[in-house]
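Remarks on the overall topology
The chain contents come next:
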Number of protein chains: 2
Amino acid sequence: MAKRNEEFVTHIASRSYDFPQWYTDVILKTDMVDYSIVKGCMVIKPYGYGVWELIQDEMDRRFKETGHVNAYFPLLIPESLLKKEAEHVEGFAPEVAWVTHGGDEELTERLCIRPTSETIICSMYSKWIQSYRDLPLLINQWANVVRWEKNTRPFLRTSEFLWQEGHTAHATFEEAEAETQRMLEVYREFAQNVLAIPVICGRKSEKEKFAGAQATYTIEAMMQDGKALQMGTSHNLSDHFAKAYDIKYLSKDGKLEHCFTTSWGTSTRMIGGLIMVHGDDRGLVLPPRVAPIQLVILPIAMHKAGVIEKADEIYAQLKSAGIRVKVDDSDQTAGWKFNQWEMKGVPVRLEVGPKDIENKQVVLVRRDTHEKYIVPMETLTDTVKKLLDDIHESLYNRALAFREAKTVDATTFEELKNGVNGGFVRAMWCGDRECEDAIKEKTGATTRCMPFEQKHLSDVCVHCGKPAKAMTYFAKSY
Amino acid sequence: MAKRNEEFVTHIASRSYDFPQWYTDVILKTDMVDYSIVKGCMVIKPYGYGVWELIQDEMDRRFKETGHVNAYFPLLIPESLLKKEAEHVEGFAPEVAWVTHGGDEELTERLCIRPTSETIICSMYSKWIQSYRDLPLLINQWANVVRWEKNTRPFLRTSEFLWQEGHTAHATFEEAEAETQRMLEVYREFAQNVLAIPVICGRKSEKEKFAGAQATYTIEAMMQDGKALQMGTSHNLSDHFAKAYDIKYLSKDGKLEHCFTTSWGTSTRMIGGLIMVHGDDRGLVLPPRVAPIQLVILPIAMHKAGVIEKADEIYAQLKSAGIRVKVDDSDQTAGWKFNQWEMKGVPVRLEVGPKDIENKQVVLVRRDTHEKYIVPMETLTDTVKKLLDDIHESLYNRALAFREAKTVDATTFEELKNGVNGGFVRAMWCGDRECEDAIKEKTGATTRCMPFEQKHLSDVCVHCGKPAKAMTYFAKSY
């Protein structure tokens, strides 16, 4: 234990000095991810993929509890199909990858790799939906998608990424709207209760909404550099796609009507989010509910009789209680192990040595606050469970306090301009595209959303002075 | 219940009359799958995807129990990378889809959509593996792959399919061989204990092995038309890929050595297999351990007081015992429901009506044998659990008996030729490629494998009369 402070992690840039470099150091050095030979594409390494698997488990359960089922649709979309919804193709065509050859043969029509699946899924819904009895149709897909990005960063923006996309069809606009909001709420609750990330819920501007949507709702989180990350979106597509792809149903009154559809998605980008919200200068700080290892057991003075056996006994006890646990009995020094598992963000470290065994106790150290607890063996399992919950709450509260401290209300453009350097700004806005573009050019900030929780700050737009439409969040973003 | 025989399913072709048509009817009419607008690509509908999710759960647990972790590698592979292993590129190049454009720009190097991931994964392993401490490296990936197929059939052969591919690296050939065999045994055990499918384990011929492998092992199953389906393969890649992709490690003795790698895969093709092994003229017969619905509750005389309530009570009771259960309280007739759920292959039907409630009992009907049981409410949960296990055993035994009845030992070419019409043939074979090609041309059958369980049938090859190398399975195949 003497080595603890000597071997402090020095190869990760400090957050305050260079946040982007800190992020890159953390994701590479903790084996979350690696760059690949394919430009803009990442490899999600086992430790990072372990986080994704836990995210998938938690989300998938929520989707099923709200009546959705999973299915799988083709990766490749014919160009003519993509083009049927005008706004949609305009939005996505510049960034799709095109398949032109199968083996040695040139294809008669080129196929794009799905950037999102509205077009292919709507073409199937048109076939599957005949009557009001087929509605609502509530399907989710876990899949990879490709968007040809120029500037990429692992998890945050890559040419290929993994995600889930929900696609639903309904009899009325109101039902589609209710679904859109319901799934945004699932995302919000998931971000809070699983990722320990507080998010702002609201509606995107016309400029920022999904290509082809009537309305896009979003959850937005603040990273530790004060920038915003869009963590998930939910779209009310009205009857736009139903009209373009001919999705009709026979109503109870015997009339042929167009459906109303929705789509909603979240991706591996959330992993980038949880790293940038919770991490510190020593590395990752993983929220316990998605930590592949929740507790690491470090046997101290391993060569002494009974130490390894006790570590294995504790492992078995905690594992059978459903805790994700690992024993590090490698031949590295204790100091190296402390730093290693701290860097990897394991929520709780457990130390057990000859003296602890004698006293029927162990030492627990929490990753987020570095607090130490001496815990009697007999209450260990309950204590660990409670501690994991405490760490979750504490991470959430810390992130919320951080966001609140870095959010200002602006009534002048100067205040807005200053505020978006390192934080969020709430200000009244006219809703006009030209005004939005001008604000972005002058400040580098975009509209993040018009939040559901509105405050009346003034009657006029913070930038152009025209009548204000809504209080809006502005921020620089990923 | 009177309608039972009147409304017998008539829209599925009989297996004996037209097996391919029976297969197509079953998969489409039970909502397992649908054709898409994209040639050769299928949509896996929720009912079919539900089977895949259960397969994934069961396999993934086995992979983790044998020390493997999951990761995710890029979909797109640069042409130059694909070309590094000569046999591999020769095998796969004719059937890959090529991406040539990103947005409006032509790529400087074209990218193929992965037909399998040895090349991209080996390029990463070359970076990740430095020392003997990094070995063995045991990674699995769940992913989609694309192989440009001319003749496609849902689940069995499609241009895109879902699969898992394990990729491991080891210090010695022997360790790689042990891993290859270990994973084949995982597949065999899974096929038997989850899919209720008996399989033959053996080694592929040089012609049939994986492009680039030293040895390919396979599990082969017999469909009800007597044809073989390859259900999974496990490859010992020796140091072929390690040499092509420069995967080296520093040994304990301080020497730089090439690794030995393996790969092993199974896919959504297994779903086609379980349909063709267990199905009957009424439709699907799903093995209980991958049935999305294991038991369907049909309330009889639903309008009578207490019937729906009792159905819901039974639902809650069975669900809490971990049984996948559904209540069909739709307004269809009882006869329609019987046929519907029979066609969908639900292993057990539970009927409960006013008389049953009075007598504190229910009626259970098993899908595989149509046997009926009157079961007291108080023993219901245990009875259902036991019944599901019985059905599993019974399906396995029936499939095994079928395979044994349709397998012959041939010592003359005439016997081989007759035997492969509707069954498997065991015969001695010389192992030569030319002989193998000639047998295929004359009989339509291929070598399936040289099984681990050998019998000495004669000293000479059944076809060419040269000295025999091994007893070999011959069959027509999917």
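As the structure is a prediction and not an experimental result, all values here were calculated from the model. (Residues numbered from 1 in each chain as written. Chains lettered and ligands numbered in written order. Predicted model: local features only at pLDDT ≥ 70, side-chain atom pairs only at ≥ 80, totals over all residues. Heavy atoms only, no water.)

**Considerations on the overall build of chain A**
Along its length, chain A carries 14 helices and 23 strands. Since a compact globule built from 478 residues should have a radius of gyration of about 23 Å, the 25 Å found for chain A is in line with a globular shape. Dimensions along the principal axes, computed over C-alpha positions, put chain A at roughly 80 × 55 × 50 Å. Buried positions account for 59% of the 478 residues belonging to chain A. Across chain A, contacts joining residues at least 24 apart in sequence account for 70% of those joining residues at least 6 apart. As presented, chain A carries roughly 18900 Å² of accessible surface, and 49% of it is formed by carbon and sulfur atoms. When the 61 basic and 69 acidic side-chain charges of chain A are each reduced to a single mean position, those positions are 2 Å apart. (Helix = DSSP H or I, 4+ residues; strand = E, 2+ residues; numbered from the N terminus. Rg over C-alpha atoms; globule rule 2.2 N^0.38 Å. Buried < 20%, exposed > 50% of the residue type's maximum accessible area, 1.4 Å probe, protein only. Contact = heavy atoms within 4.5 Å. Areas by Shrake-Rupley, 256 points an atom, 1.4 Å probe, with all protein chains shown as cover. Lys, Arg positive; Asp, Glu negative; His and termini not counted. Charge placed at Lys NZ, Arg CZ, Asp CG, Glu CD.)

**Structural notes on the side chain of B:Thr261**
Considering the arrangement of structural elements, one finds B:Thr261 in strand β14 (residues 260–267). Sequence-distant contacts of B:Thr261, that is, excluding residues within four places in its chain, are made with B:Thr168, B:Ala169, B:Ala176, B:His235, B:Asn236, B:Leu237, B:Ser238, B:Phe241 and B:Ile247.

**Some thoughts on the relation of the copies chain A and chain B**
Note on the chain copies: they are related by a rotation about an axis and a translation along it. The operation relating chain A to chain B is a screw motion whose rotation component is 180 degrees, with 0.0 Å of axial translation and a residual RMSD of 0.0 Å. In short, the pair behaves as if placed about a two-fold rotation axis. Considering only C-alpha atoms, the part of chain A nearest the rotation axis is A:Val99, at 2.1 Å. (Least-squares fit on C-alpha atoms with pLDDT ≥ 70 in both.)

**Brief notes about the pairing of strand β11 (residues 228–236) of chain B**
All names here are of chain B. Counted residue by residue, β11 has eight buried out of nine residues, so it is predominantly covered. Pairing analysis gives eight bridges linking strand β10 (residues 215–222) to β11, with the strands arranged antiparallel. For Thr-218, the partnering residue across the bridge sits in β11 and is Thr-233. In textbook terms, the turn of a hairpin is the stretch between consecutive antiparallel strands, and for β10 and β11 this stretch comprises five residues, one of which, Gly-226, has a positive phi near 85 degrees. (Pairing = 2+ DSSP bridges.)

**Section: the packing of aromatic side chains**
Residue and element names in this part refer to chain B. Following the criterion strictly, the structure yields 28 aromatic pairs over all chains and no others. With a centroid separation of 6.2 Å and 35 degrees between ring planes, the pair formed by Phe-63 and Trp-142 is classed as tilted. Pair noted here: Phe-63 is in helix α2 (residues 46–65) and Trp-142 is in strand β7 (residues 137–146), with a separation of 79 residues, a long-range link. For the pair Phe-63 and Trp-142, a shared accessibility class is recorded, and that class is buried. Pairing Tyr-125 with Trp-128 gives two aromatic rings, centres 6.0 Å apart and planes at 40 degrees, and the pair type is tilted. Of the two residues, Tyr-125 and Trp-128 are both situated in helix α5 (residues 118–128); the distance of three residues between them amounts to about one turn of the helix. (Phe/Tyr/Trp six-rings, centres within 6.5 Å; stacked < 30°, edge-to-face > 60°.)

**Structural notes on the environment of B:Leu135**
All names here are of chain B. For Leu-135, the position within the fold is in the loop between α5 and β7. Under the relative-accessibility criterion, Leu-135 is labelled buried at 12%. As a C-alpha pair, Leu-135 and Ala-169 span 34 residues in sequence and 6.7 Å in three-dimensional space. The residues contacting Leu-135, other than those within four sequence positions of it, are Ile-129, Ala-169, His-170, Ala-171, Tyr-249 and Cys-259.

**Re unusual backbone geometry**
Residue and element names in this part refer to chain A. In this model, Leu-135 is joined to Pro-136 through a cis peptide bond whose omega is -10 degrees. Looking at the secondary structure, you find Pro-136 in the loop between α5 (118–128) and β7 (137–146). Backbone geometry places Asp-246, a non-glycine residue, at a positive phi of 60 degrees. Tracing the backbone through its elements, the reader meets Asp-246 in the loop between α7 (240–244) and β12 (248–250). For Ala-301, which is not glycine, the phi dihedral falls at a positive 55 degrees. Here Ala-301 shows up in the loop between β15 (295–299) and α9 (307–320).

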